[in-house]
Amino acid sequence: MEPTIPGFDHDRVTVADGVALNVAVGGSGSPIVLLHGFPQTHLMWRHVAADLAADHTVVCPDLRGYGASDKPADPDGTAYAKRTMAADVVALARALGHERFALAGHDRGALVAVRAGLDHPDAVTHLAALDVLPTLDMWDVLRGTTAAVGFHLYLMAQPPGLPEQLIGAAPDAFFGHFLDIWTRNPDALPADVRAAYLEASREAVPSIVADYRASAGIDVAHDRADRDNGNRLRMPVTVLQQDWGAALGYDAAALWRAWAPDLRHETVDCGHFMAEEAPGEVAGSLRKLLTR
């Protein structure tokens, strides 16, 4: 049986023409939307979501292109722009009756969350980003041999065709590589959860690549326009990160503060999949964020 978040209801909600998101909803109270990262699904939030559901309505979708959500084609390079994916999230929240909501994202989901905060500041009350840098800064800090840690970013940035063919030839090896090397505590990803992530990713190679390709193209253009125009995140922001800055030679808090004046930046002592490796710490940080 495929793992689920215990006590949560599951549904499909239409958010755009021809696009419906798979979503798990549980709890009651003020709403918070949790967005997953790569190569995962909404299931990554299972521990944190169950914790927060004691006090909040918790909404955990699969992003478009991932999990059991729809995976539209991307003929013009806009279907997986973070602007498009952020609009999905706002439409989902509204369809569930929430005009304003807190938003937390991990990895790819954090990039969607940041774009939602920039594009829809009247809808997003609080924002949390887990273990990622804003798109422009991410590309800026990757240079020289240290950029090898982000080889997948460069692979999936290539024009349509080759990345999909290479990844599709051995999807479990490709996606499993990240599940293995980014986890300090392998027990945090039990066999059934790992299998669910691999199956979901195996069936979504073109859309996952399109999501990453957008971050080397249209997302950069959108972020650069915001930076040039002084558009920043107006809501309280919490960032949880591993200490990548020490490894790659940058000040992560300073980079984030340029986007988020009301920032609380915390360094965590766990692997990349922190919502599964340190769920109590993540849930606690989110609760503190919601009191600001």
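Residues numbered from 1 in each chain as written. Predicted model: local features only at pLDDT ≥ 70, side-chain atom pairs only at ≥ 80, totals over all residues. Heavy atoms only, no water.

The name given to the protein chain in an unreviewed UniProt entry is Alpha/beta hydrolase, with the source organism recorded as Streptomyces pactum.

Asker: What should I look at first to understand the pattern of salt bridges in this one?
Answerer: For side chains of opposite charge, pairing can occur when their charged atoms come near one another. All chains considered together, the criterion is met by 19 salt bridges. Here Arg 94 makes a salt bridge to Glu 99, at a shortest N to O gap of 3.3 Å. Exposure remark for Arg 94: the relative accessible area of 45% places this residue in the partly exposed category. The exposed category is assigned to Glu 99, whose relative accessible area is 51%. (Salt bridge = Lys/Arg side-chain N within 4 Å of Asp/Glu carboxyl O. Buried < 20%, exposed > 50% of the residue type's maximum accessible area, 1.4 Å probe, protein only.)

Asker: Looking at this structure, how should I read the sheet that holds strand S8 (residues 263-267)?
Answerer: Two orientations exist for strands paired in a sheet by backbone hydrogen bonds: parallel and antiparallel. In space, the eight strands of this open sheet follow the order S1-S2-S4-S3-S5-S6-S7-S8, with mixed pairing throughout. Looking at the sheet topology across the chains shown, the edges are occupied by strand S1 (9-16) and S8. Across the sheet, the mean angle from the axis of one strand to that of its neighbour is 20°, orientation sign disregarded. In the sheet, strand S5 (residues 101-106) pairs with strand S6 (residues 124-130) via five bridges, with the strands oriented parallel. Note on S6: the bridge partner recorded for Ala 104 is Ala 128. Lying over the sheet, helix H2 (residues 82-95) contacts S1, strand S2 (19-26), strand S3 (30-35), strand S4 (56-61) and S5, oriented at roughly 120° with respect to S1. (Pairing = 2+ DSSP bridges. Helix = DSSP H or I, 4+ residues; strand = E, 2+ residues; numbered from the N terminus. Axes fitted to C-alpha atoms, helices over the stretch in contact; angles between N-to-C directions. Contact = heavy atoms within 4.5 Å.)

Asker: Help me understand the environment of Asp 74, please; the structure alone is not making it clear to me.
Answerer: With respect to the helices, strands and loops of the structure, Asp 74 is situated in the loop between S4 and H2. Take Asp 74: its relative accessible area is 24%, and that puts it in the partly exposed class. Sequence spacing of Asp 74 and Asp 211 is 137 residues, and the spatial spacing of their C-alpha atoms is 9.5 Å. If we skip the residues at most four places from it in the chain, Asp 74 touches Ala 79, Tyr 80 and Ala 210. A polar contact of 3.2 Å, which involves the side chain of Asp 74, links it to the backbone nitrogen of Gly 77. In this structure the side chain of Asp 74 is engaged in a polar contact, spanning 3.1 Å, whose partner is the backbone nitrogen of Thr 78. (Polar contact = N/O pair within 3.5 Å; in protein donor to acceptor, adjacent residues only side chain to side chain.)

Asker: Quick question: what am I supposed to make of helix H14 (residues 279-289) here?
Answerer: Working note: α-helix, 3.6 residues per turn, so residues spaced by three or four point in the same direction. All of the buried residues in H14 are Val 282, Ala 283, Ser 285, Leu 286 and Leu 289. Down the axis of H14, the buried side of the element spans an arc of 160°, and every buried residue falls inside it. (Arc of directions from axis to C-beta.)

Asker: What is the right way to look at the environment of Val 25 in this model?
Answerer: Topologically, Val 25 is positioned in strand S2. For Val 25, a relative accessible area of 22% corresponds to the partly exposed category. If we ignore the near neighbours within four places in the chain, the residues touching Val 25 are Phe 8, Asp 9, Thr 57, Val 58, Val 59 and Leu 96.

Asker: Help me understand unusual backbone geometry, please; the structure alone is not making it clear to me.
Answerer: Only a minority of non-glycine residues have a phi that is not negative, and only a minority of peptide bonds are not trans. Each neighbour pair has its own omega, and for Phe 38 with Pro 39 the value is -5°, a cis peptide bond. Following the sequence through the fold, Pro 39 ends up in the loop between S3 and helix H1 (46-52). Although it is not a glycine, Asp 107 sits at a positive phi angle of roughly 60°. Overall, Asp 107 belongs to the buried group, its relative accessible area being 8%. Phi at Asp 131 is positive, roughly 55°, even though this residue is not glycine. Judged by its relative accessible area of 6%, Asp 131 is buried.

Asker: How do you make sense of helix H6 (residues 162-169) when you look at a structure like this?
Answerer: Restricting attention to buried positions, one finds in H6 the residues Pro 163, Glu 164 and Ile 167. Seen end-on, H6 carries its buried residues on one side only, within an arc spanning 95°. For H6, exposure combined with an orientation more than 90 degrees from the buried face picks out Gln 165 and Ala 169.

Asker: Would you mind going over empty space enclosed by the protein with me for this structure?
Answerer: Rolled over the atoms, a probe with the dimensions of a water molecule shows which regions are left empty. A full pass over the atoms with the stated rule returns one cavity of 30 Å³ or more. The volume enclosed by the largest cavity comes to roughly 90 Å³. Lining the largest cavity are Lys 82, Arg 83, Leu 111, Val 114, Arg 115, Leu 118, Pro 134, Thr 135, Asp 219, His 222 and Asp 223. When residues in the lining of the largest cavity are grouped by element, the largest group, four residues, is from helix H3 (residues 108-119). Taken together, the residues of the lining of the largest cavity sort by class into four nonpolar, two polar and five charged. (1 Å grid on protein atoms, 1.4 Å probe; cavity = no way out; pocket = protein on both sides within 12 Å on 5 of 7 lines; lining within 4 Å. Points joined across faces, edges and corners; volume = space filled by probe spheres on them. Nonpolar A, V, L, I, M, F, W, Y, C, P; charged D, E, K, R; others polar.)

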